[in-house]
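# A look at the structure
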Amino acid sequence: DGGITQSPKYLFRKEGQNVTLSCEQNLNHDAMYWYRQDPGQGLRLIYYSQIVNDFQKGDIAEGYSVSREKKESFPLTVTSAQKNPTAFYLCASSVAGQVTNEQFFGPGTRLTVL
Amino acid sequence: AQSVTQPDIHITVSEGASLELRCNYSYGATPYLFWYVQSPGQGLQLLLKYFSGDTLVQGIKGFEAEFKRSQSSFNLRKPSVHWSDAAEYFCAVARGGIKAAGNKLTFGGGTRVLVKP
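### Overview of the layout of surface pockets
In this structure, the largest pocket spans a volume of roughly 330 Å³. Every residue lining the largest pocket is counted, 22 residues in all, and those nearest its centre are A:Gln37, A:Pro39, B:Gln38, B:Glu88 and B:Arg112. Among the elements of the structure, strand S9 (87-94) of chain A together with strand S10 (87-94) of chain B are those that each provide at least two residues to the lining of the largest pocket. By residue class, the composition of the lining of the largest pocket is six nonpolar, 12 polar and four charged.

Structure follows, in structure tokens:
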């Protein structure tokens, strides 16, 4: 079955540590996205990528980094510079090119900073 | 700047009753609007979307939404709620023109729906 996988489901981190969240898709989508979800705030865009080896900052990119070396993969690193990293992180993908294309979401990773 | 407001944080509805979730948007150009549903601890699933044409759009799971330009609203409705509809619902607007580089979405804060037996 085609879809998006995110791992791990739950992640615990000590303050000051970097951590990388995995996102893989087998939908053959060019575009991929990372969102952060906090209670009552909906989803906010961290980074997005329309094509391999290219990505752009979203609305809340500070303290995060990404790479896009393969079409299927878009890992997100939460760095120690992110002031409040505890949140639910969602990865999505879509066909690129048009704003009306549906985004498909993974099941999410819940990150907790201890 | 675009924004999406979902005025109701929580709604409780009895099973079999009708449901309406409100969504108001602020966007200068033609809006491209979406409703997504999220079950607890899961990702989001698209219920329906509106781009143009008929202002009443049908989606999956028996949901529909009506676009009202004069009210800047895109409310979601379901005539008869099932217990499985308990979830969080998000309204979103796509930014940029139809061929903007990157279909970025602006989401509302969400409405959590509780279904009473």
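### A word on the side chain of A:Thr109
Residue and element names in this part refer to chain A. Topologically, Thr109 is positioned in strand S11 (residues 109-113). In this structure the side chain of Thr109 is engaged in a polar contact, spanning 2.6 Å, whose partner is the backbone oxygen of Pro8. Leaving out residues up to four positions away in the same chain, Thr109 has contacts with Gln6, Ser7, Pro8, Lys9, Leu11, Leu21, Ala87, Phe88 and Tyr89.

### Let's talk about the interface of chain B and chain A
If you look at the interface, chain B gives 28 residues, while chain A gives 26 residues. Buried area between chain B and chain A, both sides added, is near 2100 Å², and the carbon and sulfur share of it is 53%. Counting the contacts that link chain B with chain A gives zero salt bridges. Where chain B packs against chain A, one counts two residue pairs in polar contact (both at pLDDT 80 or more).

### Focus: the pairing of strand S8 (residues 64-68) of chain B
All names here are of chain B. Pairing between strand S7 (residues 56-58) and S8: three bridges, direction antiparallel. Bridging from a neighbouring strand, Val57 pairs with Ala65 of S8. The hairpin turn running from S7 into S8, its antiparallel successor, is five residues long, and Lys61 in that turn takes a positive phi close to 60°. Two elements, S8 and strand S9 (residues 73-78), share five bridges in a ladder whose sense is antiparallel. Its bridge partner being in S9, Lys68 is matched across the sheet by Ser73. Here S8 hands over to S9 after four residues, with Ser72 in that stretch at a positive phi of 50°.

### With respect to the state of the cysteines
All names here are of chain A. Throughout the structure, instances matching the rule amount to two disulfides over all chains. Sulfur-sulfur distance for the disulfide between Cys23 and Cys91 comes to 1.9 Å. Taking the sign of the S-S torsion, -70° for the link of Cys23 and Cys91, the bridge is left-handed. With Cys23 in strand S3 (residues 19-25) and Cys91 in strand S9, the pair connects residues that are 68 residues apart, well separated along the chain. Grouping residues by exposure puts Cys23 and Cys91 together as buried.

### Some remarks on the confidence of the model for chain B
Of the residues in chain B, 92% have a pLDDT of 70 or more, and the chain-wide mean is 90. The spread of mean pLDDT over the elements of chain B runs between strand S11 (residues 105-107) of chain B, the lowest at 90, and strand S3 (residues 19-21) of chain B, the highest at 98.

Reading guide: rules and limits
- Residues numbered from 1 in each chain as written.
- Chains lettered and ligands numbered in written order.
- Predicted model: local features only at pLDDT ≥ 70, side-chain atom pairs only at ≥ 80, totals over all residues.
- Heavy atoms only, no water.
- 1 Å grid on protein atoms, 1.4 Å probe; cavity = no way out; pocket = protein on both sides within 12 Å on 5 of 7 lines; lining within 4 Å.
- Points joined across faces, edges and corners; volume = space filled by probe spheres on them.
- Helix = DSSP H or I, 4+ residues; strand = E, 2+ residues; numbered from the N terminus.
- Nonpolar A, V, L, I, M, F, W, Y, C, P; charged D, E, K, R; others polar.
- Polar contact = N/O pair within 3.5 Å; in protein donor to acceptor, adjacent residues only side chain to side chain.
- Contact = heavy atoms within 4.5 Å.
- Buried area = accessible area lost by both parts, 1.4 Å probe.
- Salt bridge = Lys/Arg side-chain N within 4 Å of Asp/Glu carboxyl O.
- Pairing = 2+ DSSP bridges.
- Disulfide = S-S within 2.5 Å.
- Buried < 20%, exposed > 50% of the residue type's maximum accessible area, 1.4 Å probe, protein only.
- pLDDT = per-residue confidence, 0-100.

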